[in-house]
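In case you want the letters, here they are:
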Amino acid sequence: MSERTMTDKLELRLYTSPVGVYLTACGRLDSTTAHQLGRAIGVVLDRYPTDRLTVDCAGLDAIDAAGVSVLMLFRTSALRLGVHLTVADPPPHVRAAIEALRAEQLLAATPRDRPDAVNPWQHADRRRAVVLRYRCLRPATAARRPHGWR
């Protein structure tokens, strides 16, 4: 693997597959390189008929608010065109930046995130489960008044 110099801050590679378009990003995605990623995503949306665009961030050394913003901006544009844009394989520091900026919708859904996935607590020991039963505060029959009460 070769060392990147300051002039190659962001390296992008584009792949197409039957599943969709795959864009890998290596280096720094910050305010000085965000326009490169934006331009690449724009080209994909304009020229490649696909319904899925995955941006692989496994090779990112750093990301800042400008990088996350360009991903969010183009995710919105992609959704308008019917393309699902997600970020795949982010390193922990990239995931933390995305979550800190409240852009979790960029992250690719894992099997745990799917609503039809099995809940790990469903198979827990059922004897430990507590069933809460709500009781009606009003009695089931009409309250009886003392004789002579009107």
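Everything numeric here is computed off the predicted structure, so don't read it as measured data.

## A closer look at helix α1 (residues 34-47)
At step 1: With 14 residues, α1 should cover 20 Å at 1.5 Å per step; its first-to-last C-alpha distance of 20 Å lies within 8% of that length.
At step 2: When α1 is considered as a whole, its buried residues turn out to be A34, L37, G38, A40, I41, G42, V44 and L45.
At step 3: Residues of α1 that are buried in the fold lie against β1 (10-16), β2 (21-29), β3 (52-63), α2 (65-80) and β4 (84-88).

## Examining the pattern of salt bridges
Two side chains carrying opposite charge are able to pair once their charged atoms lie near each other.
At step 1: A complete count under the given rule lists three salt bridges for this structure.
At step 2: Note that E11 is salt-bridged to R13, the shortest N-O span being 3.0 Å.
At step 3: For E11, a relative accessible area of 33% corresponds to the partly exposed category.

## Points about unusual backbone geometry
At step 1: In the Ramachandran plot, D89 falls in the positive-phi region, its phi being about 50° despite a non-glycine side chain.
At step 2: Positive phi values are uncommon outside glycine, yet R102 reaches one of about 55°.
At step 3: Residue position: R102 is located in the segment after α3 (92-100).

## Re α2
At step 1: If you check α2, its first and last C-alpha atoms are 23 Å apart, about what 16 residues at 1.5 Å a residue would give, namely 22 Å.
At step 2: On the buried face of α2, the contacting elements are β2, α1, β3, β4 and α3.
At step 3: Its side-chain oxygen 3.1 Å from the backbone nitrogen of A66, D64 forms the N-cap of α2.
At step 4: Looking at the residues trailing α2, positive phi occurs at G82, about 85°.

## Some details on the environment of A62
At step 1: Here A62 shows up in strand β3.
At step 2: Between the C-alpha atoms of A62 and R28, which are 34 residues apart in sequence, the distance is 4.9 Å.
At step 3: Setting aside chain neighbours within four positions, we find A62 in contact with G27, R28, L29 and H93.

## Examining the pairing of β1
One face of the sheet, then the other: side chains in a regular strand alternate in exactly this way.
At step 1: Here seven bridges tie β1 to β2, and the two strands are oriented antiparallel to one another. Each bridged residue has a counterpart across the sheet, and for R13 the counterpart in β2 is T24.
At step 2: Counting the residues in the hairpin turn of β1 and β2 gives four residues, including G20, whose phi is positive at 160°.

Rules used in this analysis
Residues numbered from 1 in each chain as written. Predicted model: local features only at pLDDT ≥ 70, side-chain atom pairs only at ≥ 80, totals over all residues. Heavy atoms only, no water. Helix = DSSP H or I, 4+ residues; strand = E, 2+ residues; numbered from the N terminus. Expected span 1.5 Å × (residues − 1). Buried < 20%, exposed > 50% of the residue type's maximum accessible area, 1.4 Å probe, protein only. Contact = heavy atoms within 4.5 Å. Salt bridge = Lys/Arg side-chain N within 4 Å of Asp/Glu carboxyl O. Polar contact = N/O pair within 3.5 Å; in protein donor to acceptor, adjacent residues only side chain to side chain. Pairing = 2+ DSSP bridges.

As far as function goes, none of this settles anything; it's purely spatial.
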